[in-house]
Amino acid sequence: MRWVKDGPDIPVEIVQAVEDGRVVFFCGAGVSQQSGLPSFRGLVDAVYGKLHRNRESFPAEQEAFENRDYDQVFASLEAAIKEPGLVRGYVAEALELAADADTSTHEALLKLATDRSGKCRLVTTNYDRCFSRHLDATIRVDSAPRLPVPKPGRWNSVVHLHGSLDDCGPEKHELVLSSADFGSAYLVDGWATRFLRELFQHFIVLFVGYQADDLVVKYMLQALAVGLAERGEKPRAFALAQIEETEQSTRSSWDAKGIKPILYPKGDSHGVLHATLRAWAENATLGLLGRRSVVAERLGQAPPADHDELVDQVLW
């Protein structure tokens, strides 16, 4: 069903599963860009700018950047700078949130991630403080590497899977930033892998704010592949995804990873995605009253010429 014109057509079973508390929203950098924060690529550029370092003068760093291996860029940069905490301090500066930053989508996602009993279950790979602006004392925040066991009935928190600026140790060394950090989280120590396997076993996962070829998606799916293959399972995962080159190529990219895309048209700043999440959250938090208000408003209008978002909402 569609919540806004030209927005993503969200399967009704996903809308119902969200109401039942069976969906975990998994949020990436794309969610925070509306708040004025950079993507992973933008974060690399920002740190180089603060260091006054010309990346093109360092072939290995430039090659990794062009290949979108941003974790390797940070690994090379930290090895070259040889000053613990400097690079990560600049990362924190680049992610500083303006006082008037728009975090309404984060607020909407938290509402959608909270079930009828008040338990909130949301995961983000972002380090920023956007979600923290809308948390009350009843919702805990868990940051890497200290993660909860994501089981129904027990888990009630917002999880910063790759660390949080508010809780990342001395010199921010617990942020999962470089290739060494990712290797530790997903392979050597494996705490991120254990969390994800448990998460996918118990919940439907809805990715928001990622592209199919994002570095983070690659690490997560590689970590999950072995465990899922052993059980003969595929991840119960969906992604709200913007159409890139063509609808078919975008769909194929996600399908190849075992994730079902819920597509929306390409546009400036992913406006229809943010509008969809806010409208969805507004109606979901009203419960039955929300459904009644939709019916009362829509049935007073002339019937649309085509099947559109108004029809979807009335059927819902």
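Just so we're clear, the structure is a prediction, and the values are computed from it rather than from any experiment.

1. Observations regarding the layout of surface pockets
Thinking step 1. Taken as a whole, the largest pocket spans an internal volume of roughly 950 Å³.
Thinking step 2. Looking at the lining of the largest pocket, the elements with two or more residues in it are α2 (29-32), α3 (40-51), α10 (215-231), β6 (237-242), α11 (247-255) and α12 (271-285).
Thinking step 3. For the lining of the largest pocket, the residue count by class is 20 nonpolar, 16 polar and seven charged.
Thinking step 4. Size it by volume and the second largest pocket reaches roughly 250 Å³.
Thinking step 5. Residue lining of the second largest pocket: 14 residues in total, with Glu19, Thr114, Arg116, Ala284 and Thr285 positioned closest to the centre.
Thinking step 6. Elements that contribute at least two residues to the lining of the second largest pocket include exactly α1 (12-19), α7 (104-112), α12 and α13 (288-298).
Thinking step 7. A total of three residues in the lining of the second largest pocket trace back to one element, the largest contributor, which is α12.

2. Re empty space enclosed by the protein
Thinking step 1. For the coordinates displayed, the defined rule picks out one cavity of 30 Å³ or more.
Thinking step 2. Taken together, Val18, Gly21, Val23, Leu112, Ala113, Asp115 and Arg121 make up the lining of the largest cavity.
Thinking step 3. Here the residues of the lining of the largest cavity are counted per class, giving four nonpolar, one polar and two charged.

3. Structural notes on the packing of aromatic side chains
Thinking step 1. Taken as a whole and assessed by the stated rule, the structure comprises 13 aromatic pairs.
Thinking step 2. The interplanar angle of 55 degrees and the centroid separation of 6.3 Å between the aromatic rings of Phe26 and Tyr210 together place this pair among those described as tilted. In this pair, Phe26 sits in strand β1 (residues 23-27) while Tyr210 sits in the loop between β5 (204-208) and α10, placing the two residues 184 residues apart along the sequence.
Thinking step 3. Between the aromatic rings of Phe40 and Phe74, the centroid separation amounts to 6.0 Å while the plane-to-plane angle is 20 degrees, which identifies the pairing as stacked. Taken together, the residues span a long stretch of sequence, with Phe40 in helix α3 and Phe74 in helix α5 (residues 70-81) at a distance of 34 residues. Here Phe40 and Phe74 have matching classes, each one buried.

4. With respect to the nonpolar core
Thinking step 1. Among the nonpolar cores identified, the biggest contains 64 residues, and Phe26, Tyr186, Leu196, Leu199 and Phe207 are the most heavily contacted of them.
Thinking step 2. Residue contributions to this core peak at eight residues, all from α10.
Thinking step 3. Every residue in contact with Phe26, bar those within four places of it in the chain, is listed here: Val123, Thr125, Leu161, Leu196, Leu199, Val205, Leu206, Phe207, Val208, Tyr210 and Met220.

5. Digging into the sheet that holds strand β7 (residues 260-264)
Thinking step 1. Spatially, seven strands are ordered β3-β4-β2-β1-β5-β6-β7 in an open sheet, and the strand pairing comes out parallel. Among the strands making up the open sheet, the edge pair consists of β3 (140-143) and β7. Across this sheet, the average inter-strand angle for adjacent strands is 20 degrees, counted without regard to direction.
Thinking step 2. Sheet analysis places β1 next to β5, joined by five bridges and oriented parallel. Note on β5: the bridge partner recorded for Val24 is Val205.
Thinking step 3. Packed onto the sheet, α1 meets β1, β5 and β6 and runs at close to 100 degrees relative to β1.
Thinking step 4. Packing against the sheet, α12 makes contact with β1, β5, β6 and β7, and its axis sits at approximately 135 degrees to β5.

Calculation rules
Residues numbered from 1 in each chain as written. Predicted model: local features only at pLDDT ≥ 70, side-chain atom pairs only at ≥ 80, totals over all residues. Heavy atoms only, no water. 1 Å grid on protein atoms, 1.4 Å probe; cavity = no way out; pocket = protein on both sides within 12 Å on 5 of 7 lines; lining within 4 Å. Points joined across faces, edges and corners; volume = space filled by probe spheres on them. Helix = DSSP H or I, 4+ residues; strand = E, 2+ residues; numbered from the N terminus. Nonpolar A, V, L, I, M, F, W, Y, C, P; charged D, E, K, R; others polar. Phe/Tyr/Trp six-rings, centres within 6.5 Å; stacked < 30°, edge-to-face > 60°. Buried < 20%, exposed > 50% of the residue type's maximum accessible area, 1.4 Å probe, protein only. Core = buried A, V, L, I, M, F, W, Y, C linked by side-chain atoms within 4.5 Å. Contact = heavy atoms within 4.5 Å. Pairing = 2+ DSSP bridges. Axes fitted to C-alpha atoms, helices over the stretch in contact; angles between N-to-C directions.

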